[in-house]
Amino acid sequence: MEALTRRKFLAELSAAALAASTLGAPRTAWCGEKAAEIKPAADRVILLWMSGGMAHTETFDPKRHVDFEKDLDPDRVLATFPSIPTAVDGLRISSGLERLASVMDRGAVIRSYRAADLGFILHTRHQYHWHTGYVPPQTIAMPHIGAIIANMRGQINPDVPAFIHIGQRLELPGSEEIKAYLTAGYLGAEHGPFVIPDAIEARRYVSPPAGVSPARFEDRNKFFRRLVEASESGRTASSFHQESMLRSLDGSYRLLHSPAARAFDITDEPPHIYEEYDTGRFGLGCLLARRLCEVGARFIEVTSEWVQFDNWDTHNNGHTRTIEMKRWIDRPVTRLILDLEERGLLDRTLIILASEFSRDLMIEGRAGVEVKAQARVPERINEMRHYGLHKHFTGAGSAVLFGGGVKRGLVYGSTSDERPCEVVTDEIRIEDLHASIFHLLGIPPDHSFEVEKRPIYVTRDGVGKARSQLFASA
């Protein structure tokens, strides 16, 4: 069997995206549970994406830790941080997340997420799988979960895009693979993401060009529409996708002239609040997410950004890198939760903090499977750069849900206290996690669209089962 290289993966996904643009309009095919029978507990979603692999034992599922010392046996290291108490009796999380510890009574910790066994471990393959629910490559471009929610729940504010993505620069190496899932696929461009690479520059993306009169700008808009219609996409796309693309342009034009555009200017925020969020690009992305939530965005994703060997991709200096990543998220995520609560929005806003898979010091992939592509662990740890969880681990992972109909103070599932720290109770796969998210939004997890005379379900083959234990109403 031919190895699935990054280049081959990208080529196959590009072909799928082109195929999607030639498809006709999807239509609801069948669902076993009618949407009218599910009372939505949430109106909005904020996905906080820890791109690169957030170690569960270093964050929300702490295990026995061992401090760094010379001649350290690596097999003793399950975690490199001690645990700390939280606002929930008996619930402990990893040190460095002290502020988040104070608000854990507003949310639920899932400790039993298990990433798919995709054989060859490639970050962007697992990211595609997490965001779409389908294992790549597919014969057509599958929509991002945000696009599905935008399609099925629509816009809250007609001037504000339903799906907004914050924080990922798309000109970086590896960004082509990210574009493969950062799409509405067969649902049409109007449901795709409005992408803001950097929150500090967000206002620029919704401002008419300086020095251009309204009449001249209107002429430019009309000319741009003609260019789109004459482009390769405009010529080869189906009539449905052409119309969807033009509706997307109309929405962008409407936003430029809407009072809601002010929400994109985070410098309007009072200095003392701005400083609470300002831990870097991710923190300011959380501030922008809160402001967009207030003006009616339906689904917002804020990413720590996928950059190979950087951010949460902790292949080197794992411990010191994780200290920095915790600093990035602890204060702004906590402030986001509290700000939404103070504004009366938390109860109807589902916040999800998640990552594509976890990490371990000794095991690559899952227990019992040897992966030779990874560097060998030193027999003894003598340098700080080797102290940390550097290998990809798919045997377990953590996700945290806040607000939006979630049972507060809940711990769902468990993992072993000894290596391998795999799931031992209440395993939850991506189709079940998605089903639970959809249920909270009032969307049946077995809902399907008919595309080219075949059903495509919002969870893989419609098998996703919502975990009612996660719901406040259960």
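All of these numbers come straight from a predicted model, not from anything done at the bench.

A. Structural detail: the sheet that holds strand 6 (residues 163–166). Strand order in the open sheet formed by eight strands is 7-6-8-2-9-12-5-13, and the pairing between neighbours is mixed. Among the strands making up the open sheet, the edge pair consists of strand 7 (194–196) and strand 13 (410–412). Recorded for the sheet is a direction-independent mean angle of 15 degrees between the axes of neighbouring strands. The sheet contact formed by strand 2 (residues 44–49) and strand 9 (residues 349–354) spans six bridges and is parallel. Looking at strand 9, one finds that L47 is bridged to I352. Docked against the sheet, helix 11 (residues 281–295) engages strand 2, strand 6, strand 7, strand 8 (299–303) and strand 9, running at close to 170 degrees with respect to strand 8.

B. Up close: the packing of aromatic side chains. Tallied over the full model, the rule gives five aromatic pairs. Taking 6.0 Å as the distance between ring centres and 70 degrees as the angle between the ring planes, the aromatic pair formed by F194 and F264 counts as edge-to-face. Of this pair, F194 sits in strand 7 while F264 is found in the loop between helix 9 (239–256) and helix 10 (271–277), placing the two residues 70 residues apart along the sequence. The buried category is assigned to F194, whose relative accessible area is 16%. Taking the ring centre of Y205 as reference, the NZ or CZ of R204 above it sits at 4.8 Å.

C. Fine view of the environment of Y186. Position of Y186 among the secondary structure elements: in the loop between helix 5 (175–181) and strand 7. Exposure remark for Y186: the relative accessible area of 2% places this residue in the buried category. Separated by 44 residues in the primary sequence, Y186 and M142 place their C-alpha atoms 6.7 Å from one another.

D. Region of interest: the side chain of T80. Relative to the helices and strands, T80 resides in the loop between strand 2 and strand 3 (83–85). Within the structure, T80 has its side chain in polar contact with the side chain of E58 (distance 2.7 Å). Within the structure, the side chain of T80 is placed 2.8 Å from the side chain of H319, a separation counted as a polar contact. Ignoring any residue separated from it by four or fewer positions in sequence, one finds T80 in contact with E58, H65, V66, H319, Y387 and G388.

E. Representation of the environment of S436. Mapped onto the fold, S436 is located in helix 13 (residues 430–440). Once residues within four sequence positions are removed from consideration, S436 is found in contact with K465, A466, R467, L470 and F471.

F. Molecular detail of helix 3 (residues 123–132). Summarising burial for helix 3: ten of the ten residues are buried, a large majority. Among the residues of helix 3, those classed as buried are H123, T124, R125, H126, Q127, Y128, H129, W130, H131 and T132.

G. Here's a closer look at the nonpolar core. Counting residues in hydrophobic clusters, the biggest one holds 58 residues, and the most contacted among them are L48 and F60. Here this core gets eight residues from one element, more than from any other, and that element is helix 11. Non-local contacts of F60, meaning those with residues more than four positions away in its chain, are made with M54, R92, I93, L97, L100, M104, V109, R111, L353, S398 and V400. If you look at the next biggest cluster of nonpolar residues, it comprises 54 residues, including I110, V406, L410 and F438.

H. Structural context of the pairing of strand 2. Of all six residues in strand 2, six are buried; the element is thus mostly enclosed. The two faces of strand 2 match: R44, I46 and L48 on one face and V45, L47 and W49 on the other face are all buried. Of the pairings in the sheet, the one linking strand 2 to strand 8 comprises five bridges and is parallel in character. Among the inter-strand pairings, I46 is bridged to a residue of strand 8, identified as I300.

I. Here's a closer look at the pairing of strand 17 (residues 454–457). The pairing of strand 16 (residues 448–451) with strand 17 spans four bridges and is antiparallel. Bridge assignment links V451 to a residue of strand 17, and that residue is R454. Hairpin connection, strand 16 to strand 17: the antiparallel pair is bridged by two residues, and E452 has positive phi, about 55 degrees.

J. Layout of the pattern of salt bridges. One pass over the structure, following the stated rule, counts 40 salt bridges. Here R76 ties to E69 by a salt bridge, and the two come within 3.7 Å at their closest N and O atoms. A relative accessible area of 40% means that R76 is categorised as partly exposed. For E69, a relative accessible area of 40% corresponds to the partly exposed category. Each member of the salt-bridge network shares a partner with another, and the members are E269, R290, R291, E294, R335, D339, E342 and R343.

K. Summary view of the side chain of T415. With respect to the element layout, T415 can be found in strand 14 (residues 414–415). For T415, a relative accessible area of 8% gives the class buried. Looking at T415, its side chain comes within polar contact range of the side chain of D61, at 2.5 Å. Here K63 takes part through its side chain, which lies 2.8 Å from a polar atom of the side chain of T415. Apart from the residues lying within four places of it in its own chain, the contact partners of T415 are H56, D61, K63, R111, A396, C421, E422, V423 and V424.

L. Inspection of the packing of helix 4 (residues 145–153) against helix 13 at higher detail. Packing of helix 4 against helix 13 leaves a shortest axis separation of 12 Å and a crossing angle of 25 degrees. With respect to each other, helix 4 and helix 13 are oriented roughly parallel. The handedness of the crossing between helix 4 and helix 13 comes out as right-handed. Here I145, I148 and I149 of helix 4 lie close against helix 13, whose contacting residues are H434, I437 and F438. Its residues placed into classes, the contact of helix 4 with helix 13 shows five nonpolar, one polar and no charged.

Cut-off values and rules
Residues numbered from 1 in each chain as written. Predicted model: local features only at pLDDT ≥ 70, side-chain atom pairs only at ≥ 80, totals over all residues. Heavy atoms only, no water. Pairing = 2+ DSSP bridges. Helix = DSSP H or I, 4+ residues; strand = E, 2+ residues; numbered from the N terminus. Axes fitted to C-alpha atoms, helices over the stretch in contact; angles between N-to-C directions. Contact = heavy atoms within 4.5 Å. Phe/Tyr/Trp six-rings, centres within 6.5 Å; stacked < 30°, edge-to-face > 60°. Buried < 20%, exposed > 50% of the residue type's maximum accessible area, 1.4 Å probe, protein only. Lys NZ or Arg CZ within 6 Å of the ring centre and 35° of its normal. Polar contact = N/O pair within 3.5 Å; in protein donor to acceptor, adjacent residues only side chain to side chain. Core = buried A, V, L, I, M, F, W, Y, C linked by side-chain atoms within 4.5 Å. Salt bridge = Lys/Arg side-chain N within 4 Å of Asp/Glu carboxyl O. Parallel < 35°, antiparallel > 145°, perpendicular 65-115°, else oblique. Left-handed = near helix turned anticlockwise from the far one by under 90°. Nonpolar A, V, L, I, M, F, W, Y, C, P; charged D, E, K, R; others polar.

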